[in-house]
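Tertiary structure, described
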Amino acid sequence: MSDSYDVIVIGGGPAGYPAAIRAGQLGLTVACIDGWKNRDGSYAFGGTCLNAGCIPSKALLESSELLHRAHTEFATHGIHTGPVSIDVAQMQKRKGAIVKASTQGILALFKGAKVTGLAGHGRLLPGRQVEFTAPDGTVRTLSGKHVVLASGSEPARLPSAPFDGENIIDSWGVLDLAETPKRLGVIGAGVIGVELGSVWRRLGAEVVILEALDTFLPTADQQVAKEALKHFNKQGLNIKLGAKVSAATLGKDGVTVRYTDKAGEQTLVVDKLVVAIGRRPYTEGLLAEGTGVALDARGFVEVDEHCHTAAENVWAVGDAVRGPMLAHKGKEEGVMVAERIAGHHAEVNYKTVPSVIYTAPEIAWVGLTEEQVKASGREYKIGNFPFLASGRARAMESTAGFVKLIAAVDNDEVLGVHIIGPMAGELIAEAGLALEYSASAADLQMTMHAHPTLSEALHEAALSADKRAIDFINR
Ligand SMILES: Cc1cc2nc3c(=O)[nH]c(=O)nc-3n(C[C@H](O)[C@H](O)[C@H](O)COP(=O)(O)OP(=O)(O)OC[C@H]3O[C@@H](n4cnc5c(N)ncnc54)[C@H](O)[C@@H]3O)c2cc1C
């Protein structure tokens, strides 16, 4: 095996593996090194997303959603079953199989693109040399014309609630619970906290989420955030805002969490406590002295708008660099870098990164929130359409939520789309395309949407921006 490559990628998560595959497709010789180790000691490509993030969380979400529907909707449909119960072991087995199929799929994709996948640790040395340590401890030095750093992120730690891997756990730990805890505490009402909190709530846990900020989902459009909070509270998710945790200690009764809120000092006792206060870039052991790669004050690898670092022909992508920590953002960066390495023109349009929160109802948005547009001083108009007025949503028994479209008054350009409701994460793709093409509200109004589909809600929201909605009374 040659030790020289056109491109060496360190990290095989959703930012690194697409960089490797695209570079391979473009005829470059590529090695992709990944050190992800599963609990059973096996190595797997796919990073956080496939092994302990996006994919396993959505597998559990689907199971918990089915259980919830069986309990709450089947009778409405006229479907009667015996007692519905949950087998967490089987649910976890199914999740494991989905994760395995996904991570093994990467090996097949590598084969197709002629990428050499190397399980083990990679460390960048000066001059684009990479020290590769295999699982058996053997060390080789590889050299690359280009090196792409895609080392990802790890859960942020809270000194007052240190992980013990058993009772005070991170997002990977809560995805692997063997049974439903009676009382689950979550620190952090961000995307991961509310997604995983609502999964275990549907599976029967009493869930309390403690959030230090006074505002719920501060980066979302606040009309959507308020609607979401209303639904989550109705589902029994107990979200306490302005709750600052000062200590978490393990005792006989479980984990005692001390926090302060407006009313003063409070205590909460739970069986499991998840710390989900965000993630931080992971670059431990990645850089030897003298590589020329710089980290910023928060530990992110410093890059320019094309993901090039301060060192010649060394690039960095994904969660390890600035920008939203999302798999699809990392993927686009990985592909852009591979194309630039191959001499093509490529860019990432950071203005169209969609955000999705996989709860029920689902939340998704792209572009600017109403708060951001207002702050910009630009005159705007709003179109709104509730799923209650959608025939398809009624047929699906999923009428919670709405579509909100914000467009500029001066030139009709769509500035942002915010959806809370069924399949919001799928529906937002059309809005992303609209933003990518700098579409106007009129462009969406003139686009025919199939009936009856949920996508009509976006069409009607665009019409409503000019008081032309047909299936809802214009206000
Ligand atoms: C519970 C949870 C749910 C999530 N759900 C979503 C979602 O639904 N949608 C979404 O877009 N995002 C989601 N995310 C975020 C998403 O997982 C990350 O944005 C994404 O994984 C980042 O990709 P990455 O390739 O930059 O890093 P990672 O996925 O973290 O991959 C980095 C890889 O590099 C390896 N590595 C690091 N250093 C070295 C080294 N020196 N040598 C060799 N290998 C190394 C790591 O072991 C890892 O395998 C979720 C995250 C969590 C935790």
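Above this text sits the structure in question.
Heads up: these notes are all about the structure in this document. For clarity, every value in this text was computed on a predicted model and none was experimentally measured.

**Some thoughts on the pattern of salt bridges**
Should their charged atoms come close, side chains of opposite charge can pair. One pass over the structure, following the stated rule, counts 23 salt bridges. With its nearest N and O atoms 2.7 Å apart, the salt bridge here joins Asp176 to Arg39. Pair noted here: Asp176 is in the loop between helix 6 (171-175) and strand 9 (183-187) and Arg39 is in the loop between strand 2 (30-34) and helix 2 (47-52), with a separation of 137 residues, a long-range link. Across the pair Glu65 and Arg202 runs a salt bridge whose closest N-O atoms are separated by 3.4 Å. With a gap of 137 residues between them, Glu65 in helix 3 (residues 54-72) and Arg202 in helix 7 (residues 191-202) connect regions that are remote in the sequence. With relative accessibility at 12%, the residue Arg202 sits in the buried group. Put simply, Arg39, Lys95 and Asp176 are held in one network by salt bridges that share partners.

**Considerations on the packing of aromatic side chains**
The geometry of an aromatic ring pair is captured by two quantities: the separation of the ring centres and the angle between the planes. Here the structure, examined in full by the defined rule, presents 4 aromatic pairs. Here the aromatic rings of Phe216 and Phe232 are separated by 6.1 Å at their centres, their planes lie at 90 degrees, and the arrangement is edge-to-face. Within this pair, whereas Phe216 is found in the loop between strand 10 (206-211) and helix 8 (222-234), its partner Phe232 is found in helix 8, the two being separated by 16 residues in sequence. Between Phe385 and Phe472, the aromatic rings sit 6.1 Å apart at their centres with planes inclined by 75 degrees, giving edge-to-face as the arrangement. You can see Phe385 sitting in strand 20 (residues 380-386) and its partner Phe472 sitting in the segment after helix 14 (456-464), a full 87 residues away along the chain. One cation-aromatic arrangement involves Arg39 over Trp172; the distance from NZ or CZ to the ring centre is 4.0 Å.

**A few points about the sheet that holds strand 9**
Read across the sheet, 5 strands follow the order 8-15-9-10-11 without closing on themselves; strand pairing throughout is parallel. The outermost strands of the open sheet, each flanked by one partner alone, are strand 8 (168-169) and strand 11 (237-241). By the bridge criterion, 5 bridges tie strand 10 to strand 11 in an arrangement that is parallel. Residue pairing across strands places Ile209 opposite Ile239, the latter belonging to strand 11.

**So, the nonpolar core**
Core analysis: the biggest nonpolar cluster contains 37 residues, and Val174, Leu184, Trp200, Ile209, Phe216, Ile239 and Ile363 have the highest contact counts within it. Residue contributions to this core peak at 5 residues, all from helix 8. Those residues in contact with Val174 that sit more than four places away from it in its chain are Ile169, Leu184, Leu196, Trp200 and Val274.

**Let's talk about the state of the cysteines**
Taken as a whole, this structure holds 1 disulfide when the rule is applied. Disulfide pairing is shown between Cys49 and Cys54; the S-S distance is 2.4 Å. Disulfide Cys49-Cys54: torsion about the S-S bond near -125 degrees, hence left-handed. When its relative accessible area of 28% is taken as the criterion, Cys54 is described as partly exposed. The structure places no disulfide on Cys32, whose sulfur is separated from the nearest cysteine sulfur, that of Cys49, by 14 Å. Of all cysteine sulfurs, the one in Cys32 lies closest to Cys307, which takes part in no disulfide; the gap is 16 Å. A relative accessible area of 0% means that Cys307 is categorised as buried.

**Some words on the site of the ligand**
The ligand sits among 37 residues. The nearest are Asp34, Thr48, Lys58, Gly122 and Ala327. Between a nitrogen atom of the ligand and a main-chain N or O atom of Gly122, the distance comes to 2.8 Å. Here Asp319 contributes a backbone N or O atom positioned 2.9 Å from an oxygen atom of the ligand. Coverage of the ligand by the protein chains reaches 93% of its 990 Å² of free accessible surface. Elements with a minimum of two residues in the shell around the ligand: strand 2, helix 2, helix 3, strand 4 (121-125) and helix 9 (327-341). In terms of residue count, the dominant contributor to the shell around the ligand is helix 2 (4 residues).

**A closer look at the sheet that holds strand 12 (residues 244-251)**
The strand order across the open sheet built from 3 strands is 12-13-14, with neighbouring strands paired in antiparallel fashion. Strand pairing shows two members of the sheet lacking a second neighbour, strand 12 and strand 14 (264-270), which therefore form its edges. Direction aside, the axes of adjacent strands within the sheet are offset by 20 degrees on average. Summarising the sheet, strand 12 and strand 13 (residues 254-261) pair through 7 bridges and their orientation is antiparallel. Following the sheet pairing, Thr249 is matched in strand 13 by Thr256.

What counts, and where the lines are drawn
Residues numbered from 1 in each chain as written. Predicted model: local features only at pLDDT ≥ 70, side-chain atom pairs only at ≥ 80, totals over all residues. Heavy atoms only, no water. Salt bridge = Lys/Arg side-chain N within 4 Å of Asp/Glu carboxyl O. Helix = DSSP H or I, 4+ residues; strand = E, 2+ residues; numbered from the N terminus. Buried < 20%, exposed > 50% of the residue type's maximum accessible area, 1.4 Å probe, protein only. Phe/Tyr/Trp six-rings, centres within 6.5 Å; stacked < 30°, edge-to-face > 60°. Lys NZ or Arg CZ within 6 Å of the ring centre and 35° of its normal. Pairing = 2+ DSSP bridges. Core = buried A, V, L, I, M, F, W, Y, C linked by side-chain atoms within 4.5 Å. Contact = heavy atoms within 4.5 Å. Disulfide = S-S within 2.5 Å. Near = heavy atom within 4 Å. Polar contact = N/O pair within 3.5 Å; in protein donor to acceptor, adjacent residues only side chain to side chain. Areas by Shrake-Rupley, 256 points an atom, 1.4 Å probe, with all protein chains shown as cover. Axes fitted to C-alpha atoms, helices over the stretch in contact; angles between N-to-C directions.

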